[in-house]
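Residue-level structural notes
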Amino acid sequence: MKKRLDGLIWIGLGISLLMALFLSPYTSSFPDGLEKVAEMKGFKDKGKGWTFWRHAPLRDYAIPWIRNEKVSKAVSGLIGTLAIFLIVFGVGKWMSKPRTKRTQPDRINPPDPDRRLK
Amino acid sequence: MHIPDGFLSHGINAAAFAISAGACAYGVKRVNQKFGEREVPLMGVTAAFIFAAQMINFPIAGGTSGHFLGAVFSSVLLGPWAGLIIITLVLAVQCLGFADGGLTALGSNVFNMGVIGALGGYGIFILIYHLCRKSHKGFFVALAVSAWFSVVMAATATAIELAMSGTSPLVVVLPTMVGVHAFIGIGEAVITTTSVSIILKTRPDLVGCYVPPIPCKEKGQRADASRGAL
C-alpha cells in the first residue's frame, strides 16, 4: 500500500522553492501581528540595539551584497528553503536511527515488505 | 509572531526554554520510535514548505500583515511530535540564519508556536475530529478550527509572556494581540485547509491523521488506518 515517495518529494520541494523564489518578493511589507502590536502599544524599541546573535548571514531575509531588494529576498528565500530541507532531512535521519536494541520484534514499525523494493 | 531579543525577561525566556527543550526531547524520542526511512524526506519537505510559506506575508486590516504558521499543517500530516520538531527547526534556522526572532527568545518562540501551536492545535484538531465522528466534512471543520485556534492560542501565550515580563500590561496587550491574530488565524485556516485538501486529493496516504470514511462492516480496516495517527 505504501507507494514510492521520491517523485513526490521533488514535487513538494519544487513547489516550496518556486514559492520562495517568485512569491516571497511580492508579499506585504506591512509589520506583522506582533510588530504592529508592539508599535501600537509603544514597546517596539524595547531591547533595540541589544541583539544576542549578530552573525545571521541573511539578516531580514536579504543578501547583503545584492542591492535589488526583490532579487535579494528571492535568493535568500531560495537558500533558506533548500537549507531547511537539508537540515530537517539530516536531523530526521539522526532521529529515526534506531537507538534501542531491536532484538524483540518492533510492534510500532512492523517490518514493511515494500521497503526492500525502494 | 517571532519575538525578538529584549521583549521578554530572562526568567520567562529561561522557563519557556526549559519547557520547550523538554517537549522537544520527548518529541525526538516519539519520532524515533515511529519514523522510518519513508517519513524522513517527508519531514524535510514539510519544513521547506512551511519555511517558504512563512515568507509570504499577506496583508490584513489596518496596515498589518500576517503569515502562515504551519503548526497544525505539519501536525496533521506527520503527527504532533514531528510537527513540534519541524516548527522548532524552522524557528532555529529563521533565528540563526535570518535574524527573525531573537536567540534569547527562541525557547519562548518554540513554546508559543511549537508547544502551544503544534501540540495544542493538534489536541483541538483531534477533539473536534472525534466529536464529528471522523467524518470527511468533520476533518475539514476540525482542520480549519484548530488552525485558527493554533494562531490565536500562540498569540495569547505571547501576550501573557509579554505581560509577565513587564513589557506591557495584560489588559492592553492581550486584546490587541488576540484581535490582530484572530484575522491572521483566518488566513492560517484557509491555507491549511487548502493545502491539506490538495494533498488529500493526490496522496491521501500522506495525511497521517485522516481516517477514510468507510462502511461499518470494514471496521477492522478502519482501526488499522487510524493507527497511522501518532
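Residues numbered from 1 in each chain as written. Chains lettered and ligands numbered in written order. Predicted model: local features only at pLDDT ≥ 70, side-chain atom pairs only at ≥ 80, totals over all residues. Heavy atoms only, no water.

We now examine the pairing of strand β1 (residues 57–60) of chain B. All names here are of chain B. The pairing of β1 with strand β2 (residues 64–67) spans 4 bridges and is classified as antiparallel. Looking at the pairing, Ile-60 lines up with Thr-64 of β2. If you look at the hairpin formed by β1 and β2, you'll find 3 residues sitting between the two strands, and Gly-62 has a positive phi there, around 75°. (Pairing = 2+ DSSP bridges. Helix = DSSP H or I, 4+ residues; strand = E, 2+ residues; numbered from the N terminus.)

Another aspect to go through is the pattern of salt bridges. All names here are of chain B. Enumeration according to the criterion identifies 2 salt bridges over all chains in this entry. Its salt-bridge partner being Arg-38, residue Asp-205 comes within 3.0 Å of it at the nearest N-O pair. On the criterion of sequence distance, the pair formed by Asp-205 in the loop between α7 (170–202) and α8 (219–226) and Arg-38 in the loop between α1 (10–34) and α2 (39–54) is long-range, its members being 167 residues apart. As a salt-bridge pair, Arg-203 and Asp-205 come within 3.0 Å of each other at their nearest N and O atoms. (Salt bridge = Lys/Arg side-chain N within 4 Å of Asp/Glu carboxyl O.)

Residue and element names in this part refer to chain B. Core analysis: the largest hydrophobic core is formed by 95 residues, its most contacted members being Met-43, Phe-125 and Phe-139. For this core, the leading source of residues is helix α4 (residues 80–98), giving 12 residues. In this structure Phe-139 touches Val-76, Phe-125, Tyr-129, Val-196, Leu-200, Val-207, Cys-209 and Tyr-210, once residues within four positions along its chain are discounted. (Core = buried A, V, L, I, M, F, W, Y, C linked by side-chain atoms within 4.5 Å. Buried < 20%, exposed > 50% of the residue type's maximum accessible area, 1.4 Å probe, protein only. Contact = heavy atoms within 4.5 Å.)

Often, the extent of an interface is quoted as the loss of accessible area on bringing the components together. Counting residues at the interface gives 63 residues for chain A and 67 residues for chain B. Buried surface at the junction of chain A and chain B, summed over both partners, amounts to about 5,700 Å²; 72% is from carbon and sulfur atoms. On the chain A side of the interface with chain B, the three residues burying the most area are A:Leu34, A:Tyr61 and A:Met95, jointly 13% of the side's total. Across the contact surface, chain A and chain B share 0 salt bridges. Our enumeration of links across chain A and chain B arrives at 8 residue pairs in polar contact (both at pLDDT 80 or more). Going through the elements one at a time, α1 (6–23), α2 (33–40) and α3 (69–96) of chain A are the ones with two or more residues in the side of chain A that touches chain B. (Buried area = accessible area lost by both parts, 1.4 Å probe. Polar contact = N/O pair within 3.5 Å; in protein donor to acceptor, adjacent residues only side chain to side chain.)

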